[in-house]
Amino acid sequence: MVNHTEKWKLNELVCVVNELDSTICDTVNESNLKFSHDYKTLLFFMAGKSVVTMKEILCLVQCRYPEGALSLARNLYEQFVIAEFFHTHKADGNFQDYIDDFFADYEIQRNKLLLFSAEYVEHDIAAKQQIERDMAEIRANAHSKKKGTYWWADKGAFSDMAIDLIKRQTDPAFKKFTAMYHTIYKRACVSLHGSCAGNILRLGDNSEFWGVDNRPRENGHSVPLLLGVYSFLCVTSVVCEELGIDDTQWKLRLYDLLIYYNSLLEGDKNV
């Protein structure tokens, strides 16, 4: 009987992730990249987060928790859509505006946290008012005046960015393919949230088991691996292009893994 690691080709995936991680780090160190509000810095942090998330997915799959892995694959998919957004707009005359606003959003998110703490933890009215002024100044100096979580991209929500990505595809087959991955993402969102549907999906639906089945699972790992590996491939592809890294062999190995995971999808029920 094929063991869990062999069935899901986890050793092969670990090797690719580690090799990409090492090569990107070496390239950044050799280039003496300094932190600044530019495209390369943005991609460097995105690559780092994607590598860590992919390693966390591997840990959860190895421990047989597919729904947890799917929750993390959801984050990788968001990284992919954001990476594609910047890659698509790279030639735009106002490209740096998107970069500046993306980093400005960091300051806004940081101040939102400080604002909550000042109001509800410290009960410091003066600090709260100062933070509000700081946030107002950041927004006043931002290029985009759009409201919503993804204001920096002139989008109200993440779904707007994802739908734009789907609509940009000119090949009908690839448009369907892209929409399929967004469907998996939406399934991951349902599983992650603390709702009735999320609770049930998180624990699986085994008709042969009476009660709440919270055991580790041998099956159900093809979906998180498909979403995670595809998103990881797309993010690192954008990063490698910008850093001048030839990622041809890694792409081929990741595509082979995607084909393999897809071949298991039909019979891979999360039971």
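Keep in mind it's a predicted model, so treat the numbers as computed, not measured. (Residues numbered from 1 in each chain as written. Predicted model: local features only at pLDDT ≥ 70, side-chain atom pairs only at ≥ 80, totals over all residues. Heavy atoms only, no water.)

What is the right way to read the packing of helix H3 (residues 39-62) against helix H10 (residues 222-243) from this model?
In a packed pair of helices, the relevant descriptors are the angle between the two axes and the axis-to-axis distance. For the pair H3 and H10, the least separation of the axes is 10 Å and the interaxial angle reads 155°. The orientation of H3 with respect to H10, classified from their angle, is roughly antiparallel. Where H3 crosses over H10, the two elements pack in a sense that is left-handed. Here H3 contributes Tyr39, Lys40, Leu43, Met46, Ala47, Ser50, Val51, Met54, Ile57 and Val61 to the contact with H10, which in turn contributes Leu225, Gly228, Val229, Phe232, Val235, Val238, Val239, Glu242 and Leu243. (Axes fitted to C-alpha atoms, helices over the stretch in contact; angles between N-to-C directions. Helix = DSSP H or I, 4+ residues; strand = E, 2+ residues; numbered from the N terminus. Parallel < 35°, antiparallel > 145°, perpendicular 65-115°, else oblique. Left-handed = near helix turned anticlockwise from the far one by under 90°. Contact = heavy atoms within 4.5 Å.)

When you look at the nonpolar core in this model, what are you seeing that I'm missing?
Considering soluble globular proteins, one finds that nonpolar side chains tend to be buried as a cluster. Leu13, Tyr77, Phe86, Trp152 and Leu254 are the most contacted members of the largest nonpolar core, which totals 72 residues. With twelve residues, the single largest contributor to this core is H10. Setting aside chain neighbours within four positions, we find tyrosine 77 in contact with Phe158, Ala162, Tyr181, His182, Tyr185, Leu227 and Ser231. (Core = buried A, V, L, I, M, F, W, Y, C linked by side-chain atoms within 4.5 Å. Buried < 20%, exposed > 50% of the residue type's maximum accessible area, 1.4 Å probe, protein only.)

Help me out: how do you make sense of H3 in this one?
Because each turn of an α-helix spans 3.6 residues, side chains separated by three or four positions end up pointing in the same direction. Its 24 residues give H3 an end-to-end C-alpha distance of 34 Å, which sits within 8% of 34 Å, the value for a rise of 1.5 Å per residue. Positive phi shows up at arginine 64, right after H3, with a value of about 75°. (Expected span 1.5 Å × (residues − 1).)

Honestly, the packing of aromatic side chains in this entry has me stumped. Any pointers?
The geometry of an aromatic ring pair is captured by the separation of the ring centres together with the interplanar angle, meaning the angle of the planes. Considering all chains together, one arrives at 26 aromatic pairs under this definition. Relative to tyrosine 98, the ring of phenylalanine 85 has its centre 5.1 Å away and its plane inclined at 85°; by these criteria the two rings are edge-to-face. Highlighted residues: phenylalanine 85 in helix H4 (residues 66-88) and tyrosine 98 in helix H5 (residues 95-121), separated in sequence by 13 residues. Here phenylalanine 85 and tyrosine 98 have matching classes, each one buried. Between the NZ or CZ atom of lysine 9 and the centre of the ring of tyrosine 260, over which it lies, the distance is 4.2 Å. The side chain of arginine 139 reaches across the aromatic face of tryptophan 151, ending 4.3 Å from its centre. (Phe/Tyr/Trp six-rings, centres within 6.5 Å; stacked < 30°, edge-to-face > 60°. Lys NZ or Arg CZ within 6 Å of the ring centre and 35° of its normal.)

I tried to follow the pattern of salt bridges on my own but got confused; where do I start?
Scanning the model with the defined rule gives nine salt bridges in all. Ionic pairing is found between arginine 110 and glutamate 107, a salt bridge with its closest N-O pair at 3.8 Å. Taken as a pair, arginine 110 and glutamate 107 lie in helix H5 at a separation of three residues, close to a single helical turn. One salt bridge in this structure joins lysine 128 and glutamate 132, with 2.8 Å as the shortest N-O distance. You can see lysine 128 and its partner glutamate 132 sitting in helix H6 (residues 125-141), four residues apart, about one turn around the helix. By relative accessible area, which is 18% here, lysine 128 ends up buried. (Salt bridge = Lys/Arg side-chain N within 4 Å of Asp/Glu carboxyl O.)

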